[in-house]
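Descriptive structure summary
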Amino acid sequence: MKNSMWGGRFAAGPDALMEDINASIDFDKRLYAQDIAGSKAHAAMLAATGIIPQDDAERIAAGLDTIQAEIESGSFEFSRKLEDIHMNIEARLAELIGPAAGRLHTARSRNDQVATDFRLYIRDRLDELSDQVGDLMRALAEKAVAHADTLMPGFTHMQTAQPVTFGHHCLAYVEMFARDRSRMTDARARMNESPLGAAALAGTSFPIDREMSAKALGFARPMRNSLDAVSDRDFALESLAAASISAVHLSRLAEEIVIWATSPFGFARLSDSFSTGSSIMPQKRNPDAAELVRSKAGRIIGALQALLVVMKGLPLAYSKDMQEDKEPVFDALPSLSLALAAMAGMVRDLEPNRQAMAAAAGQGYSTATDLADWLVRVLGMPFREAHHVTGAIVALAEQAGAALDELPLSSLQDVEPRITEDVFSVLSAGNSAASRTSFGGTAPKLVRRAAEDWLKALDKS
């Protein structure tokens, strides 16, 4: 069947295989709301500038409202023969209002149309994702307030390093997700320019008002170059990059939840709401929600890589390759949304095991740095010498099978005679954490203040 939307240049319709590879309606139909909004703004601008009659613009707008209602009710029939969402809507509009529908495509192309729709879609998703990131930050900050003084081991190289608090650990992720949110805000601001009116690639000879249509769609301004407007997808790439970084942060937190939930650690427990069992092992409680959040990072990062490869060799302006820009975004951004929602739920559900965390916080000679600092502060040792002395004391403790604060003073003095009883004031995990009062440190009073400050900031955002 001949495709009437292509005009008189083609005498016959495409091969069935060509139709399969060319059609995008199966996935780009989700752009219907953005396509209709763009068309209504375009029609209103055409009427305001005298390019089409006002009554035709009104009929177009009414017809588009009818089509949106049909799509949302499920009664609209999408056709693969009409390729994409733009031509499906235009064909239905012609059925509803007749020849006036043909005026809608004046001074625009599917090239600037799809670029506009795609920007509107991603802009909407970024707004939703930003709200979700904010909700996750709130869940973490609330947890930090509740556990500002809950001791746990801090790790480097997955080896016990120094005591910290669980609240401090939660706030580390608040900071990461705050940067994710900032990247989304920046990406939104940069992409908030309208391609509409760039037409196929060179602009149009009609006296259009691009400022008017841009304002109607909530854009800050029209894009300044018509070639750039239809041919670049850096706004999608930047959004996927921001999504990928956020997914990595989610994956890191999910990995920690998985570790904390294991029997050897026993640092935290997820309720039945976020756990599953085993079909064969009745004792199992599997942190499947965390594992699935962790796995989402792979597909989101993959979406970024896919679109980068699609775009890397394209000359200006539009190429059909760019039809492949949507599916990665349509998969990645909802995947991130689901992962954010699941993680916020898990954080609120998570119950730390204070006793297990506190016990582990003091293991592995985690207060060795405190001992070295005491030698510097009280005895005036150069830090490198203090480091050496502390290492010898740790070796002594290992031989004795004792913690640092379990060694007798005489044993400490065998290594360094000037050590006094006062040294034991810094060798407990609680005192170690409380002493970290430098800006950004893990001292409970700082953690509580920082968490409360974040909650106040989130109330205003």
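Anyway, here's the lowdown on the structure attached to this text. (Residues numbered from 1 in each chain as written. Predicted model: local features only at pLDDT ≥ 70, side-chain atom pairs only at ≥ 80, totals over all residues. Heavy atoms only, no water.)

Section: the pairing of strand β1 (residues 151-156)
Where a strand is regular, its side chains alternate between the two sheet faces. Sheet topology places β1 next to strand β2 (residues 159-165); 6 bridges connect them, and they run antiparallel. Bridge pairing links Gly154 to Gln162 in β2. Connecting β1 to the next strand, β2, in antiparallel fashion are 2 residues, including His157 with a positive phi near 60°. (Pairing = 2+ DSSP bridges. Helix = DSSP H or I, 4+ residues; strand = E, 2+ residues; numbered from the N terminus.)

Points about unusual backbone geometry
Here the bond from Leu316 into Ala317 is cis, since omega is 5°, no more than 30 degrees from zero. Along the chain, the position of Ala317 falls in the loop between α11 (288-311) and α12 (326-349). The phi angle at Ala199 is positive, at roughly 60°, despite the residue not being glycine.

Some words on the side chain of Asp117
As for its placement among the helices and strands, Asp117 is situated in helix α6 (residues 110-146). Look at Asp117: it is buried, it has no salt bridge, and the nearest opposite charge is Arg108 at 6.6 Å. (Buried < 20%, exposed > 50% of the residue type's maximum accessible area, 1.4 Å probe, protein only. Lys, Arg positive; Asp, Glu negative; His and termini not counted. Salt bridge = Lys/Arg side-chain N within 4 Å of Asp/Glu carboxyl O.)

A word on the packing of α6 against α12
Between α6 and α12, whose axes approach to 9 Å, the crossing angle comes to 15°. Taken together, α6 and α12 sit at an angle that is classed as roughly parallel. Handedness of the crossing formed by α6 with α12: left-handed. Tallied by class, the residues present in the contact of α6 with α12 amount to 19 nonpolar, 2 polar and 7 charged. (Axes fitted to C-alpha atoms, helices over the stretch in contact; angles between N-to-C directions. Parallel < 35°, antiparallel > 145°, perpendicular 65-115°, else oblique. Left-handed = near helix turned anticlockwise from the far one by under 90°. Nonpolar A, V, L, I, M, F, W, Y, C, P; charged D, E, K, R; others polar.)

Observations concerning the nonpolar core
In terms of nonpolar packing, the biggest core is built from 95 residues, with Ile122, Leu136, Leu140, Phe177, Leu250, Leu336 and Met343 touching the most fellow members. In contact with Leu136, other than residues within four places in its own chain, are Phe177, Leu250, Leu340, Met343, Ala344 and Val347. Formed by 20 residues, the second largest nonpolar core is a distinct cluster that contains Ala372, Val389, Leu404 and Ile419. (Core = buried A, V, L, I, M, F, W, Y, C linked by side-chain atoms within 4.5 Å. Contact = heavy atoms within 4.5 Å.)

Remarks on the pattern of salt bridges
Within this structure, the stated rule accounts for 23 salt bridges. Salt-bridge contacts for Arg110 lead to Asp84; the nearest nitrogen and oxygen are separated by 2.7 Å. Here the residue Arg110 occupies a position in helix α6, and Asp84 occupies one in the loop between α4 (54-73) and α5 (85-97), the gap between them amounting to 26 residues.

Structural notes on helix α14 (residues 368-379)
Each turn of an α-helix holds 3.6 residues, which means side chains three or four residues apart point in the same direction. Counted at 1.5 Å a residue, the expected span for α14 with its 12 residues is 16 Å, and the 16 Å between its end C-alpha atoms agrees. Turning to α14, its buried residues are Ala368, Asp370, Leu371, Ala372, Trp374, Leu375 and Leu379. Those residues of α14 that are buried are in contact with α15 (383-400) and α17 (429-435). Just downstream of α14, Gly380 is the residue with a positive phi angle, here 75°. (Expected span 1.5 Å × (residues − 1).)

So, empty space enclosed by the protein
Where empty space is left can be seen by rolling a probe of water-molecule size over the atoms. Under the counting rule described, the total for this entry stands at 1 cavity of 30 Å³ or more. Estimated volume of the largest cavity: approximately 70 Å³. If you go around the largest cavity, the residues you meet are Leu140, Lys143, Phe166, His169, Cys170, Tyr173, Leu253, Trp260, Val347 and Leu350. Where the lining of the largest cavity is concerned, the elements lending two or more residues are α6, α7 (166-191) and α10 (234-260). By residue number, the principal contributor to the lining of the largest cavity is α7, which donates 4 residues. A class-by-class count of the residues in the lining of the largest cavity yields 8 nonpolar, 1 polar and 1 charged. (1 Å grid on protein atoms, 1.4 Å probe; cavity = no way out; pocket = protein on both sides within 12 Å on 5 of 7 lines; lining within 4 Å. Points joined across faces, edges and corners; volume = space filled by probe spheres on them.)

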